[in-house]
Amino acid sequence: MPTVMNRWTRLLALCLALAVPGAAAWAQFIQLDPPGQREFVLDKADLITPEHEQQIRAICDKLLTERAIPIVVVTIESMAQYGGRYSRIETFATILFNQWGIGQEQVNGSDWNTGILLLVSSGDRTARIELGATWKHDHDQVARTIMNDYIVPAFRRGQFSEGIVLGVEGLDKMARGLALPRKPVPWWHFALILGGLGLAIFTIISLIRRGARGWAWIFWGFVFGLLAVLLYNFLRSGARGAGGGGGFSGGAFGGGFSGGGGATGSW
């Protein structure tokens, strides 16, 4: 009888896996233990310097205390090493988020669930920001900005520790409803500005000496207007998010679950 029951159980599980797309993936277990309630960082891939790890923990501890919003940072060598050989990083991050229960489902009797996971898989060359269910998808664009403008560019330069710090700083601003930190400006932006200024001075002097011809003013007005628009788009950054809470003494793990929102990046 037990043998027959086991066969029926396996058959039912197989039918469920075939009938419900992704059912097998949700049965997956990530072979990772969470950091301590107020440690915030699990650096399995050894990407973060001790100084930056201390800085990250200070930012996360302050945010958790003041807003009851935890940011948990995880780095791994590869998803395959922890039971996610065929997983996409979105699936891996969602399972890990729910498995650990990142964030608090409720705070003071109110629905909360504002946990944030920053997952970096160095060998897979991909990263994921996963947001708790209360964030919904309202902050996906901010998460994409943090991923694409702060984290990934640093990773492409091989500056993993710096990129993770920039990501945490951006997520902290998002959680507090503040503008994002100014995007790091590459050296060639300054060269472009200096070149534009030099060209403007040369043009003005030339026009004064030879006379102001209408087409010249129109042409250079168009050029400088276009440069101004390009520079504004390069240097612009900022977004507003959601915040809340204060004086929270709990930890980073308390039954929170993912809402599927966030952002993915690769390099």
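Residue numbers run consecutively from 1 along every chain, following the written order of its sequence. In view of the model being predicted, local features appear only for residues whose pLDDT reaches at least 70, and side-chain atom pairs are presented and counted only at 80 or more, with totals across whole chains, interfaces and linings using the full set of residues. Only heavy atoms go into the side-chain values, all of them from the structure, while hydrogens and water stay out.

Draft legend 1. The sheet that holds strand β9 (residues 258-266), seen in detail. By the convention used here, strands pair only if DSSP detects at least 2 bridges between them. Helix numbers and strand numbers start at the N terminus; a helix is a DSSP run of H or I with at least 4 residues, a strand a run of E with at least 2. Reading across from one edge, β1-β2-β6-β7-β9 is the order of the five strands in this open sheet, with mixed pairing throughout. The sheet is open, and its two edges are formed by β1 (41-43) and β9, each paired on a single side. Here the average twist between neighbouring strands, direction ignored, is 15°. Helix α5 (residues 140-156) rests against β6 (116-121), β7 (126-132) and β9 of the sheet, and its axis sits at about 30° to β9. For helices, the fitted line uses only the C-alpha atoms of the stretch in contact; every axis is such a line through C-alpha atoms, and the angle between N-to-C directions lies from 0 to 180 degrees. The contact rule is simple, with two residues in contact once any of their heavy atoms fall within 4.5 Å.

Draft legend 2. Fine view of the confidence of the model for the chain. For the chain, per-residue confidence averages 81 on the pLDDT scale, and 66% of positions sit at 70 or higher. Segment residues 1-26: pLDDT under 50, and seven contacts once partners within four positions in sequence are set aside and those in other chains are kept. For every residue, the predictor states its confidence as a pLDDT score lying anywhere from 0 to 100. Contacts for the low-pLDDT stretch residues 236-246, under 50 throughout, to residues beyond four places or in other chains number 37 contacts.

Draft legend 3. The arrangement of the pattern of salt bridges in detail. Salt bridge, as applied in this entry: a Lys or Arg side-chain nitrogen positioned within 4 Å of an Asp or Glu carboxyl oxygen. Across all of its chains, the model carries seven salt bridges by this definition. For the salt bridge of Arg176 with Asp172, the shortest nitrogen-to-oxygen distance reads 3.1 Å. Highlighted residues: Arg176 and Asp172, both in helix α6 (residues 160-176), separated by four residues, approximately one helical turn. Considered together, Arg176 and Asp172 belong to a single accessibility category, that of buried residues. Each of Lys62, Glu66, Asp172 and Arg176 takes part in a single network of salt bridges with overlapping partners. Three exposure classes are used, based on accessible area relative to the maximum for each residue type with a 1.4 Å probe and protein chains only: buried under 20%, partly exposed in between, and exposed over 50%.

Draft legend 4. Examining the packing of helix α3 (residues 50-67) against α6 more closely. Close contact between α3 and α6 brings their axes to 10 Å; oriented N to C, the two are set at 10°. One way to sum up the angle between α3 and α6 is to call them roughly parallel. Contacts from His52, Gln55, Ile56, Ile59, Cys60, Lys62, Leu63, Glu66 and Arg67 in α3 reach Ser161, Glu162, Ile164, Val165, Val168, Glu169, Asp172, Ala175 and Arg176 in α6. An angle below 35 degrees is treated as roughly parallel, one above 145 as roughly antiparallel, one from 65 to 115 as roughly perpendicular, and anything else as oblique.

Draft legend 5. Summary view of the packing of aromatic side chains. Aromatic pairs are defined between Phe, Tyr and Trp rings, using the six-membered ring for Trp, whenever the two ring centres lie within 6.5 Å; interplanar angles under 30 degrees are classed as stacked, those over 60 as edge-to-face, and all others as tilted. Counted according to the given criterion, the structure contains four aromatic pairs. Seen from their ring centres, Phe155 and Trp267 are 4.9 Å apart, and the 70° between their planes marks the pair as edge-to-face. Taken as a pair, Phe155 in helix α5 and Trp267 in the segment after β9 lie far apart in primary sequence, 112 residues in all. Across the pair, Trp267 and Phe155 agree in class, each one buried. Ring centres 5.9 Å apart and planes at 65° place the aromatic pair Phe160 and Trp267 in the edge-to-face group. Separated by 107 residues along the polypeptide, Phe160 in helix α6 and Trp267 in the segment after β9 bring together distant segments of the chain. Judged by its relative accessible area of 13%, Trp267 is buried.

Draft legend 6. Structural detail: the side chain of Asp43. Structurally, Asp43 is set in strand β1. Buried within the structure, Asp43 lacks any salt-bridge partner; its nearest side chain of opposite charge belongs to Arg57, at an N-O separation of 8.7 Å. Pairs of N or O atoms are called polar contacts if they sit within 3.5 Å, as long as, within protein, a hydrogen donor faces a hydrogen acceptor (for residues adjacent in sequence, only side-chain-to-side-chain pairs). At a separation of 3.0 Å, a polar atom in the side chain of Asp43 contacts the main-chain amide nitrogen of Ile48. We treat Lys and Arg as the positive residues and Asp and Glu as the negative residues; His and chain ends play no part in the count.

Draft legend 7. Spatial organisation of the environment of Glu169. Mapped onto the secondary structure, Glu169 falls in helix α6. Sequence separation between Glu169 and Ile146 is 23 residues, and the spatial gap between their C-alpha atoms is 9.2 Å. Once residues lying within four places of it in the same chain are set aside, the contact partners of Glu169 are Gln55, Ile59 and Pro181. A distance of 3.2 Å separates a polar atom in the side chain of Glu169 from a polar atom in the side chain of Gln55.

Draft legend 8. Focus on the packing of α5 against α6. Two elements in contact, α5 and α6, have axes separated by 7 Å at closest approach and are oriented at 165°. Judged on the interaxial angle alone, α6 and α5 are roughly antiparallel. Both α5 and α6 take part in a crossing whose hand is right-handed. Between α5 and α6, the residues in contact are Val142, Ala143, Ile146, Tyr150, Ile151, Ala154 and Phe155 and Phe160, Gly163, Ile164, Leu166, Gly167, Gly170, Leu171 and Met174, respectively. Each residue gets one of three labels, nonpolar for Ala, Val, Leu, Ile, Met, Phe, Trp, Tyr, Cys and Pro, charged for Asp, Glu, Lys and Arg, and polar for the others, Gly among them. Partitioned by chemical class, the residues of the contact of α5 with α6 number 12 nonpolar, three polar and no charged. Less than a right angle of anticlockwise turn of the near helix away from the far helix marks a crossing as left-handed, whereas a clockwise turn marks it as right-handed.

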